[in-house]
Amino acid sequence: MKHASNAILAAVLGTAAIARAQPAPGDRPKPDGASGDPRGGPAPGPQSPYGPDPGQPGQPAQPGQPAQPGQPIQPGQPVQVVQQPDGSVELTPAPPPAPRPPRVHKMRFPEVLNTPTGWLLPAGVLYSRDRIDTGGGVSSDNRVGLGDVAEFGVSTTDQVRERQTDSTKERAEVLQPYVTASFRLGVDENRLFKGQPGVTLGFRKSFEREHLGSRTRIAELTLVASKHLGPDVAIHLGGSVWDASLQENADAAMPPDPITLHGQGFARQLRAFGGFEARPLPRSEILVDLSWAPEFCYGCASAAGGPSGAMGAIRLRPELAWGVRYQVASFMHIESGVRVPDIGNANLLDAQIFGQITFTSFALSDAVETLK
Amino acid sequence: MRAVLTVAAAVLAARPVAADPTESRVLTAPTAWLPPSGAATATLGIDHRGDTAVFAGASLDGLAELEIDEDSDVRGCTDCAMQRTPLRLGRAGFRIGAHQDWLHGMPALVLGVRATFAAYEPAVDAPRVTDAYVVASRDLGVVRLHAGVDALAASVADHRSAAALRPLAGVELHPPMYPRSSLLGDLAWEPELDAVHGPVLRWMLGIGVRYQAFSWGSVELAVRARQGDDLGGATVMARFNAIARR
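Residues numbered from 1 in each chain as written. Chains lettered and ligands numbered in written order. Predicted model: local features only at pLDDT ≥ 70, side-chain atom pairs only at ≥ 80, totals over all residues.

> Could you clarify how one ought to interpret the overall build of chain A in this entry?
Counting its secondary structure elements, chain A contains 4 helices and 18 strands. Out of the 372 residues belonging to chain A, those deemed buried represent 33%. A separation of at least 24 residues holds for 51% of the contacts in chain A among residues at least 6 apart in sequence. (Helix = DSSP H or I, 4+ residues; strand = E, 2+ residues; numbered from the N terminus. Buried ≥ 20, exposed ≤ 12 C-beta atoms within 10 Å, placed from the backbone. Contact = placed C-beta atoms within 7 Å.)

Structure, rendered in structure tokens:
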């Protein structure tokens, strides 16, 4: 009986000692170091010059490689169910997921300065550009990249102009805010084959704008290709089909039929545009582009009347712009430069100095990537 | 003739300084110097008539400069046989260019555009001035030379003038015995906005000195004379330039 009591006492004390040595529930176990230091890592074993043997039983599986049966399952470790030949199932540790390589945020701007590029915003990327210029123009452009193949945007533009007469003495005024919505789709550069330029097909359409009793609208269909010539130089070439409508005295009981650009022939709708980018410094780019913008002349239509009189009511004016894009931070760019709204007449007087700030955010894109 | 050739050879043989200077104008004529990356510049000026000038600029990575200013260099009049009024105009400028020796031996080059965005004087109706210029600058050590072409367009009331080309020139002398001082001279053009007959371009000659009082600031004292003004019409002005580097 005394021997039995001793054995019971020894068992109780031993069990208590073992229980005391266990970590508290909920605490993650910490591996002891080689010298018993609890802060240290596991004791270094003999290292093979060819690296650890992934098939050695009892050794944790390497990231991305299947675990071996019989490996111990660590608390919190994901497991996988293995069907045995005899019908039983066995839980084995699942291979730890391979670490994701860090995402590289490759930004391609959807515009040079005024013209669209053949590049699209990456999927889930939010883009916002706000601009002011010395002509009193204020514009904002907000877009989101859709699946690396499209983008959607809403913007206000200050490029649309109006004038009352065709007089050269009269200065065309900015018609703003002019709200437009845009949708572009395309294929990234080198996606289909090596050397393929980035190509986008875009459509931009304005909401109806009423000013001084006249209703106007614009729409633009663009096809543009962009190609890098080396790592720091790129060119953009494209064509656009414009349309616009002008309805004067829109509030009258019997308003006249609207004058449209497509009613003046296809040749007056079609325009070519282009741009150039060069990066002489790591954070700075030189940008040049040639674009087109509609100009409405109210007095021109009513003076002549009829289809021939409509010819001067809606015109497309060439704009030349150049400037610099400077990357202030990974999410912010500052652009500044010069825009000449009517370069066709060499009208230097209307040249504008502009400044714009562009924000890009990959937060949504990263969040979507994490969900994958 | 031999002395002129000797001086010219000495000037050409002089070694330029390592970095470009930073002043964006001599007195009125623009230079091809661009401020270094991350720098911001400011200038405050006043002349003996109390007309003020304020310039503020910011560098875009050393590649370009955006400048906003308010000055009264442009004169306007409704009856130009009488007094011409200095017009306080708000103007913005954008300058882009290449530094000196970007290609071996190349002078600094800048393409600049300056446009009016505001007029603060009701003396004449709707004054506007825009100019675009190309200017080259070369630092030869003792002397700095500036030369360029300016295309100026202006409008006032219902009168508009097409862009007209005019030469720009400037020179800065840095006597070696006075390392902080320099003598300045320039030729520039500004429009005179005649509300009755339209804009007319007038030359402006300036001569002065600049003293580099601090590493971040300099003081200028100058006299400027305009075409059409007699000697008594010349203005004496003082300016303070400052630069903040990142």
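> Honestly, the overall build of chain B in this entry has me stumped. Any pointers?
In terms of regular secondary structure, chain B is built from 1 helix and 12 strands. For chain B, the sequential pattern of α-helices and β-strands runs α-β-β-β-β-β-β-β-β-β-β-β-β. A globule of 246 residues ought to have a C-alpha radius of gyration of about 18 Å, and chain B, at 18 Å, matches this closely. Counting the 246 residues in chain B, one finds 43% classified as buried. A sequence separation of at least 24 residues applies to 54% of the contacts in chain B between residues at least 6 apart. (Rg over C-alpha atoms; globule rule 2.2 N^0.38 Å.)

> Quick question: what am I supposed to make of the pairing of strand β16 (residues 314-329) of chain A here?
Looking down a regular strand, the side chains alternate between one sheet face and the other. All names here are of chain A. Of the strand pairs in this sheet, strand β15 (residues 284-297) and β16 are connected by 13 bridges, and their pairing is antiparallel. Paired with Glu 295 across the two strands is Arg 315, which belongs to β16. As paired strands, β16 and strand β17 (residues 332-340) are joined by 9 bridges and run antiparallel to one another. When the sheet's bridge partners are listed, Ala 321 is paired in β17 with Arg 339. Counting the residues that bridge the hairpin from β16 to β17 gives 2 residues. (Pairing = 2+ DSSP bridges.)

> What is the right way to look at the interface of chain B and chain A in this model?
Contacts between the two partners involve 21 residues from chain B, matched on the other side by 19 residues from chain A. Of all the secondary-structure elements, those providing two or more residues to the side of chain B that touches chain A are β3 (64-77), β4 (85-98), β5 (108-119), β6 (128-139), β7 (143-156) and β8 (159-173) of chain B. Here the side of chain B that touches chain A gets 4 residues from one element, more than from any other, and that element is β4(B). Among the residues making up the side of chain B that touches chain A, the classes are represented as 14 nonpolar, 3 polar and 4 charged. (Nonpolar A, V, L, I, M, F, W, Y, C, P; charged D, E, K, R; others polar.)

> What should I look at first to understand the nonpolar core in this one?
Side chains of a nonpolar character, in soluble globular proteins, are inclined to be buried together. By size, the foremost hydrophobic cluster in this structure holds 56 residues, and its most contacted members are A:Val338, A:Ala351, A:Ile353, B:Ala64, B:Phe94, B:Val113 and B:Leu193. Apart from residues no more than four positions distant in its own chain, B:Leu193 is found in contact with B:Val74, B:Gly76, B:Leu87, B:Val124, B:Pro127, B:Ala154, B:Val156 and B:Pro199. (Core = buried A, V, L, I, M, F, W, Y, C linked by C-beta atoms within 7 Å.)

> Sorry if this is basic, but what is going on with the environment of A:Val174 here?
Residue and element names in this part refer to chain A. Among the structural elements, Val 174 can be located in strand β7 (residues 173-174). Taking the C-alpha atoms as reference points, Val 174 and Asp 158, 16 residues apart in sequence, are found 6.1 Å from one another. For Val 174, the residues in contact, after removing those within four places along its chain, are Gly 135, Gly 136, Gly 137, Asp 158 and Arg 161.

> In this structure, what is going on with the pairing of strand β12 (residues 233-247) of chain A? I would like to understand it.
All names here are of chain A. With 14 bridges connecting them, strand β11 (residues 214-228) and β12 associate as antiparallel partners. In the sheet register, Ser 226 faces β12, and the bridge partner there is His 236. Adjacent in sequence and paired antiparallel, β11 and β12 are bridged by 4 residues, among which Gly 230 carries a positive phi angle near 90°. With 9 bridges connecting them, β12 and strand β14 (residues 270-281) associate as antiparallel partners. Along β14, the bridge assignment pairs Gly 239 with Ala 272. Here β12 runs beside strand β13 (residues 259-260); their pairing, made up of 2 bridges, is antiparallel. Counted as the bridge partner of Leu 246 is Ile 259 from β13.

> Is there a simple way to explain the environment of A:Cys300 in this structure?
Residue and element names in this part refer to chain A. Relative to the elements of secondary structure, Cys 300 occurs in helix α2 (residues 298-304). By C-beta crowding, Cys 300 is classed as buried, having 22 other C-beta atoms within 10 Å. With 14 residues separating them along the chain, Cys 300 and Ile 314 place their C-alpha atoms 8.8 Å apart. For Cys 300, the contacting residues outside a window of four places in its chain are Asp 166, Gly 312 and Ala 313.

> Quick question: what am I supposed to make of the environment of A:Arg129 here?
Residue and element names in this part refer to chain A. Along the chain, Arg 129 turns up in strand β3 (residues 126-133). Along the primary structure Arg 129 and Pro 85 are separated by 44 residues, whereas in three dimensions their C-alpha atoms are 63 Å apart. Among all residues touching Arg 129, those that are not within four sequence positions of it are Asp 141, Gln 356 and Thr 358.

> How should unusual backbone geometry be read in this particular structure?
With the exception of glycine, most residues fall at negative phi, and the peptide bonds are largely trans. Cis geometry marks the peptide bond from A:Gln176 to A:Pro177; its omega dihedral reads 0°. The topology assignment puts A:Pro177 in the loop between β7 and β8 (178-187). Phi is positive for B:Asp61, close to 60°, though the residue is something other than glycine. Assignment of secondary structure puts B:Asp61 in the loop between β2 (52-60) and β3. A tally of 21 C-beta atoms within 10 Å means that B:Asp61 is categorised as buried. Phi is positive for B:Asp101, close to 65°, though the residue is something other than glycine. Residue B:Asp101 is classed as partly exposed on the basis of its 15 C-beta neighbours within 10 Å.

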